[in-house]
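Take a look at the letters that make up each chain.
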Amino acid sequence: MKGSMQDWADIRLFLAILDQGSLVAAAVSLELTQPQVGRRLRALEERLGTPLFVRSGRRMQLADAGAAILDSARRMQTEMLAIERSVEIQSKGLCGQVTISATEGTGTEWLTPVLFAFHQQYPDIAVKVLIESRAVDLIHREADIALRMGRPKQPDLIARRLVTIGFGLYATKKYLQGADQVSTIESLAGHHFVVLESPDNRMEPQGILAPIKEMTGHAVYSTNSPSAQLSAVRTGFGIGMVSHRWASMNPALLRVLPEYTPLEVELWLVSHEELRNSARIRALSDFIAESVISDEALFATGEPCD
């Protein structure tokens, strides 16, 4: 190679293209434009005197030279992240940005009013919300805080169990009037179901498919989006498994088999352990935890809080 990686920006660019798989996705992750990423990659490869990637359509695959430097690049990434966390630990000011990850429903409906109340109390802290069905990587700072359904498995995380989220079967009055009466679990056979699917099993609620399959009902609508699932149930496609909290916000939905609880999932608040001393992150974490716990009945049964 004629040159060398000059600084962390080169390594960050290289790893972003590798991890994201394309210049377009890398540009989004780096908050740059695609032409900027392309120009910086070309300049880097010209300086090194060898290509780092082989282009296959829009996908970027490692060339031999890229594979040769990968381990060193990962080590530098780990060191830089440690430096960033060390600086973050020293941040005592209640200002700056905090990124929180949450799923649809909890993140889009419940969390937003809570964050507005937080903003009124801490106007100098900007909040960025990521709505993700996957578990974001807190170790590599994709987010500072995450609300996760199910206990996290990653090491080096601070995980706090908050409440239990209860789920029930719900449908519209119109659908139920035009279908066979539901009085037992066995009587669900033959009914239409709206199901939530996921390409992975990293989020606990995706397990809701198992009990529905056991009911031998007919899935007429399936989606990987909780919002789309709720919309389909509201439209009248059939019966869906919905959290009591979310169903309580939709008065058109009626609970099927009120005594039956097909699923309960723990809600956890998670952050990286080295961020426990960051004032702004700690402030938001505590605020969210207190808000969730005060709404415990809402999450568990859909009952409004006193």
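Residues numbered from 1 in each chain as written. Predicted model: local features only at pLDDT ≥ 70, side-chain atom pairs only at ≥ 80, totals over all residues. Heavy atoms only, no water.

1. Regarding the overall build of the protein chain
Step number 1: Helix and strand counts for the protein chain come out as 11 helices and 11 strands.
Step number 2: By residue count, 45% of the 306 residues in the protein chain fall in the buried class.
Step number 3: A fraction of 74% describes how many contacts in the protein chain between residues 6 or more apart in sequence connect residues 24 or more apart.
Step number 4: Here the protein chain has roughly 15800 Å² of accessible surface; of this, 49% comes from carbon and sulfur atoms. (Helix = DSSP H or I, 4+ residues; strand = E, 2+ residues; numbered from the N terminus. Buried < 20%, exposed > 50% of the residue type's maximum accessible area, 1.4 Å probe, protein only. Contact = heavy atoms within 4.5 Å. Areas by Shrake-Rupley, 256 points an atom, 1.4 Å probe, with all protein chains shown as cover.)

2. Details of the packing of helix H5 (residues 106–121) against helix H10 (residues 279–294)
Step number 1: The geometry of H5 relative to H10 is characterised by a closest axis approach of 10 Å and an angle of 130° between their N-to-C directions. Considering the angle they form, H5 stands oblique to H10. As for how H5 packs across H10, the hand of that crossing is right-handed. In this structure, H5 contributes Trp110, Leu111, Val114, Leu115, Ala117, Phe118 and Gln121 to the contact, and H10 contributes Ala283, Leu284, Phe287, Ile288, Ser291 and Val292.
Step number 2: Of the residues contributing to the contact of H5 with H10, the split by class is 11 nonpolar, two polar and no charged. (Axes fitted to C-alpha atoms, helices over the stretch in contact; angles between N-to-C directions. Parallel < 35°, antiparallel > 145°, perpendicular 65-115°, else oblique. Left-handed = near helix turned anticlockwise from the far one by under 90°. Nonpolar A, V, L, I, M, F, W, Y, C, P; charged D, E, K, R; others polar.)

3. Overview of the nonpolar core
Step number 1: Within the largest apolar cluster, 41 residues are counted, with the highest numbers of intra-cluster contacts made by Leu147 and Ile239.
Step number 2: One finds Leu13, Leu15, Ala26 and Leu41 within the second-largest nonpolar core, a separate group that totals 22 residues. (Core = buried A, V, L, I, M, F, W, Y, C linked by side-chain atoms within 4.5 Å.)

4. Focus on the packing of aromatic side chains
Aromatic ring pairs are reported here in terms of the distance separating the ring centres and the angle at which the planes meet.
Step number 1: Following the criterion strictly, the structure yields five aromatic pairs and no others.
Step number 2: Seen from their ring centres, Phe14 and Phe53 are 5.5 Å apart, and the 45° between their planes marks the pair as tilted. Pair noted here: Phe14 is in helix H1 (residues 8–20) and Phe53 is in strand S1 (residues 53–56), with a separation of 39 residues, a long-range link. Taken individually, Phe14 and Phe53 each receive the classification buried, so the pair is uniform in this respect.
Step number 3: With a centroid separation of 5.4 Å and an interplanar angle of 70°, the aromatic rings of Phe118 and Phe287 are classed as edge-to-face. Of this pair, Phe118 sits in helix H5 while Phe287 is found in helix H10, placing the two residues 169 residues apart along the sequence. When sorted by exposure, Phe118 lands in the same class as Phe287, which is buried.
Step number 4: Taken together, the ring pairs connect Phe118, Tyr122 and Phe287 into an aromatic cluster. (Phe/Tyr/Trp six-rings, centres within 6.5 Å; stacked < 30°, edge-to-face > 60°.)

5. Comments concerning the confidence of the model for the protein chain
Step number 1: Residues with a pLDDT of 70 or more make up 87% of the protein chain, whose mean pLDDT is 84.
Step number 2: With pLDDT under 50 throughout, residues 200–209 is counted as low confidence; its partners more than four residues away or in other chains account for 22 contacts. (pLDDT = per-residue confidence, 0-100.)

6. Brief notes about the environment of Leu18
Step number 1: When you line up the elements, Leu18 lands in helix H1.
Step number 2: Residues Leu18 and Met60, spaced 42 residues apart in sequence, show a C-alpha to C-alpha distance of 7.0 Å.
Step number 3: Discounting residues that sit within four places of it in the chain, Leu18 has contacts with Phe53, Leu62, Leu70 and Arg74.

7. Quick word on H5
Step number 1: Spanning 16 residues, H5 covers 21 Å between terminal C-alpha atoms, matching the ideal 22 Å at 1.5 Å per step.
Step number 2: At Thr112, H5 shows its maximal kink, close to 40°; a proline, Pro113, follows between one and four residues later.
Step number 3: Of all the residues in H5, the buried ones are Thr106, Gly107, Trp110, Leu111, Val114, Leu115 and Phe118.
Step number 4: Buried positions along H5 lie against strand S3 (96–102), strand S4 (125–131), strand S5 (145–149), helix H9 (244–248), H10 and helix H11 (296–301). (Expected span 1.5 Å × (residues − 1). Bend = angle between axes of the 7 residues up to and from the residue.)

8. Digging into a nonpolar patch on the surface
Step number 1: On the surface, Val127, Val129 and Ile131 cluster together into a nonpolar patch covering about 180 Å² of accessible area.
Step number 2: With respect to the secondary-structure elements, Ile131 resides in strand S4.
Step number 3: Of the residues examined, Ile131 reaches a relative accessible area of 34% and is grouped as partly exposed. (Patch = residues over 30% accessible without salt bridge, like charges linked within 9 Å, V, L, I, M, F, W, Y side chains within 5 Å. Salt bridge = Lys/Arg side-chain N within 4 Å of Asp/Glu carboxyl O.)

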